Amino acid sequence: MPLHGEYEPSAASWVRDQVAQYEATNGEEGGTYLDLPVIILTTKGIKSGKIRKMPLMRIEHNGSYAVAASNGGGDEHPGWYHNVIAHPLVELQDKTIKQDMTARELHGDEKTEWWKRADAAYPLFVDYRAGTEREIPLFVLEPVIKD
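These numbers come from a predicted model, not from an experiment.

Peer 1: Help me out: how do you make sense of the environment of Gly 5 in this one?
Peer 2: In this structure, Gly 5 sits in the segment before helix H1 (13-25). Residues Gly 5 and Arg 52 lie 47 residues apart in sequence; the distance between their C-alpha atoms is 9.9 Å.

Peer 1: Even after reading the chapter, I still don't get the pattern of salt bridges, so can you show me in this structure?
Peer 2: Applying the stated criterion to the full structure yields nine salt bridges. The shortest N-O distance in the salt bridge between Glu 8 and Lys 50 comes to 3.1 Å. Taken as a pair, Glu 8 in the segment before H1 and Lys 50 in the loop between strand E2 (36-44) and strand E3 (51-57) lie far apart in primary sequence, 42 residues in all. Close ionic contact of Lys 111 with Glu 135 constitutes a salt bridge, the shortest N to O distance being 2.7 Å. Placement of Lys 111 in helix H3 (residues 108-121) and of Glu 135 in the loop between helix H4 (124-130) and strand E8 (138-143) is noted, with a sequence separation of 24 residues between them. We classify Glu 135 as exposed; its relative accessible area is 59%. Overlapping salt bridges bring together Glu 8, Lys 50 and Arg 52 as one network.

Peer 1: Help me understand H1 in this model?
Peer 2: Along an α-helix, residues three or four positions apart point the same way, because every turn accommodates 3.6 residues. The terminal C-alpha atoms of H1 lie 18 Å apart, and with 13 residues this matches the ideal 18 Å at 1.5 Å per residue to within 8%. Taken together, the buried positions of H1 are Val 15, Gln 18, Val 19 and Tyr 22. Each buried residue of H1 sits inside an arc of 100 degrees when the element is viewed along its axis, so together they form one side. Buried residues along H1 sit against strand E1 (32-33), E2, E3 and strand E6 (89-94).

Peer 1: Explain the side chain of Ser 70 to me, please; I cannot follow it from the model alone.
Peer 2: Within the element layout of this structure, Ser 70 appears in the loop between strand E5 (64-68) and helix H2 (79-86). Residue Ser 70 is classed as buried on the basis of its relative accessible area of 6%. Setting aside anything within four residues of it in sequence, one finds Ser 70 in contact with Phe 125, Tyr 128, Arg 134 and Ile 136.

Peer 1: Please clarify how H2 should be interpreted in this entry.
Peer 2: Inspection of H2 places Trp 80, Tyr 81, Asn 83 and Val 84 among the buried residues, and these make up the whole buried set. Angular distribution of buried residues about the axis of H2 spans 165 degrees; they occupy a single face of the element. On its buried side, H2 packs onto E2, E3, E5, E6, strand E7 (97-105) and E8.

Here is what the cut-offs are and how they apply
- For every chain, the first residue of the written sequence is number 1, and numbering continues from 1 along that sequence.
- It should be noted that, the model being predicted, local features are given only for residues of pLDDT at least 70 and side-chain atom pairs only at 80 or more, the latter also being counted only at that level, while totals for whole chains, interfaces and linings use all residues.
- Hydrogens and water molecules were not included; the side-chain quantities draw on all heavy atoms of the structure.
- Helix and strand assignments follow DSSP, with helices taken as H or I runs no shorter than four residues and strands as E runs no shorter than two, numbered in order from the N terminus.
- When a carboxyl oxygen of Asp or Glu lies within 4 Å of a side-chain nitrogen of Lys or Arg, that pair is called a salt bridge.
- Relative accessible area decides the class of each residue, using a 1.4 Å probe on protein chains only: under 20% of the type maximum gives buried, over 50% gives exposed, and in between gives partly exposed.
- The span expected for a helix works out to 1.5 Å for each residue beyond the first.
- It is the directions from the helix axis to the C-beta atoms that the arc portrays.
- Here, two residues are considered to be in contact whenever any of their heavy atoms come within 4.5 Å of each other.

What follows is the structure, given as structure tokens:
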């Protein structure tokens, strides 16, 4: 994995606990939110340089994944959004599969297509977008091609 450094668990106990369960059991425990599957996104902190991990809804299509910076429909981007913008090389764990990915923010028709997939995976995204004035960023994560 390309991300190296000290892991700093989230200050939010629910995030810290879910990540620990997920990693300890390869998603057998902590692998869902509202009975829907999640992945673990690992980023490098923009300010601290420390490794950060976050459970996010699983949105997969043909080996690529999307992550929505929804922040539960809040009016501000989640902290991990800033990490991904600064350091687009991330790690993703989907159950037993761990892989290096490159994040790319989506726009236009491609974003529209991925929102359809995201809404199907987690219907509350529709409410999140309706409940905030900010445009919720959506990223596609694509596997890093190794030589």
